[in-house]
Amino acid sequence: MAAPLDMEHSALSLELLPTDPLLLIFSFLDYRDLMSCCCLSRRLNQLSSHDPLWKRHCKKYWLISEEEKSQRNQSWKTIFISTYSDLGRYIHYYATLKKAWDDLEKYLGQRCPRMIGSLKESVREEDLDAVEAQIGCKLPDDYRCSFRIHNGQKLVVPGLMGSMALSNHYRSEDLLDIDTAAGGFQQRLGLKQCLPLTFCIHTGLSQYMALESVEGRNKYEIFYQCPDQMARNPSAIDMFITGTSYLEWFTSYVNKVVTGGYPIIRDQIFSYCFFFCRYVHDKECVATTGDITVSVSTSFLPELSSVHPPHYFFTYRIRIEMSKDALPEKACQLDSRYWRITNAKGDVEEVQGPGVVGEFPIISPGRVYEYTSCTTFSTTSGYMEGYYTFHCLYYKEKFFNVTIPRFHMVCPTFKVSTARMVSGGAETNHNEYAVDEEEDSTDTDEYEDRLRVLDIPAPSGRCPRHT
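Residues numbered from 1 in each chain as written. Predicted model: local features only at pLDDT ≥ 70, side-chain atom pairs only at ≥ 80, totals over all residues. Heavy atoms only, no water.

**Q** Teacher, can you tell me more about the sheet that holds strand 3 (residues 194–196) here?
**A** Each strand in a sheet pairs with its neighbour through backbone hydrogen bonds, running either in the same direction (parallel) or in the opposite one (antiparallel). As summarised here, the arrangement of the five strands in space is 3-5-6-7-19, forming an open sheet in which the pairing is antiparallel. In this open sheet, the two strands that pair with only one neighbour each are strand 3 and strand 19 (414–415). Relative to strand 5 (residues 207–210), strand 3 runs antiparallel, the two being bridged by three bridges. Of the residues in strand 5, the one forming a bridge with Cys-194 is Ala-210. Sitting on the sheet, helix 13 (residues 246–258) touches strand 5, strand 6 (222–227) and strand 7 (237–243), and the angle it makes with strand 7 is about 65 degrees. (Pairing = 2+ DSSP bridges. Helix = DSSP H or I, 4+ residues; strand = E, 2+ residues; numbered from the N terminus. Contact = heavy atoms within 4.5 Å. Axes fitted to C-alpha atoms, helices over the stretch in contact; angles between N-to-C directions.)

**Q** How do you make sense of a nonpolar patch on the surface when you look at a structure like this?
**A** Side chains of Leu-155, Val-157 and Ile-201 sit close together on the surface and give an oily, nonpolar patch of about 240 Å² of accessible area. With respect to the secondary-structure elements, Ile-201 resides in the loop between strand 4 (198–200) and strand 5. Under the relative-accessibility criterion, Ile-201 is labelled partly exposed at 43%. (Patch = residues over 30% accessible without salt bridge, like charges linked within 9 Å, V, L, I, M, F, W, Y side chains within 5 Å. Areas by Shrake-Rupley, 256 points an atom, 1.4 Å probe, with all protein chains shown as cover. Salt bridge = Lys/Arg side-chain N within 4 Å of Asp/Glu carboxyl O. Buried < 20%, exposed > 50% of the residue type's maximum accessible area, 1.4 Å probe, protein only.)

**Q** Mind showing me how you'd approach unusual backbone geometry here?
**A** For residues besides glycine, phi is generally negative; the peptide bonds are generally trans as well. The linkage connecting Val-157 with the following residue, Pro-158, adopts the cis geometry, with an omega of 10 degrees. Within the secondary structure, Pro-158 is located in the loop between helix 11 (141–149) and strand 1 (163–166). Between His-308 and the following residue, Pro-309, the backbone shows a cis peptide bond with an omega angle of 0 degrees. Mapping Pro-309 onto the fold places it in the loop between strand 11 (292–300) and strand 12 (312–322).

Shown next as structure tokens:
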């Protein structure tokens, strides 16, 4: 019986397996297991150092290409180990963030080339350590990893994180470099231990990341600040939440950009810096009437909104296009608009008026007309729909309506300030705080024209609505 037992033990010995089956087994191992095999025996050390085994890990974790390997003139294992010695703490984030940056750079190179020049080179580990020492807080690894790839951008226009233009209101948001971000680190009440990620030189508004779980925020949560206009305490700052981590926030934004979710207008990314709430175009938000197609993109503007009092400001961009295959006699001119606006309570407002934004555009085969307008709600969501009335240029007595598809506007999740307390000391923290208010309807193109001529910024909370 002893001999069969010895044979069974021998059969189970890994080292006695032929080379090819062993290499096949090793091809399924993670890099940590391969490194462990190097310490078990001389034969396993030789086999686990088989260079093709490390090719998969170099591509998976560091996105190293064959071309880059040729340029380095090193083995796959050497490249993996040298890269790990520098970026090992970010191994769970690096590939995702590097791909996002690569995709963004490729997209910008094709459509917004002047933005490429605003990107800064990567920073060193010791630079990030110095910032942590300066602010007295640890930076999350996904944030640090992103700055090992690109150190944000210069303070320029247009901003990497999107632009917005509405009448006289303009916004362009830059992704801050690490030193500028550290200089804006907050310790004041209402924004304690918050680090700015972005900055707009026109509005002064930033998106912040909470480095600690204080004042009702979750650690690493990203938000826009929103002062509580009904509180006497200046530290009462509500928050519109834009992300739960840097990785989610940044990669979601990039995905929207490179998949065409935001329009590119005059070499700028016309988006708003929410990963889900910019000039977002819903592919289903399109309506075609005859040869004319109307599509809508929407965005929420935090800097013109407030939680207390409930006032939520949205802008929408409308594209009207006639098919290039339409007959020349189909050319027409827009005469008027009709809107049906419904808020979250089901209250309906109907609006009619001549033209759009003071214009009466002519649409002909292959021509496109786009314009931007806005609306406000006292509820956190609402939707609009309607139609345009056109007349034919060749048959002036012929009028027809063109459908505007229904488009929804939804305020992002928000949190109210911990400084706002209710009876019994409990904190109010929900996303449906609203009071009954009569909205101030200003459906007049003259209002917008006066502001444009006088160059007066639109007052907060008012806009030439529903144009």
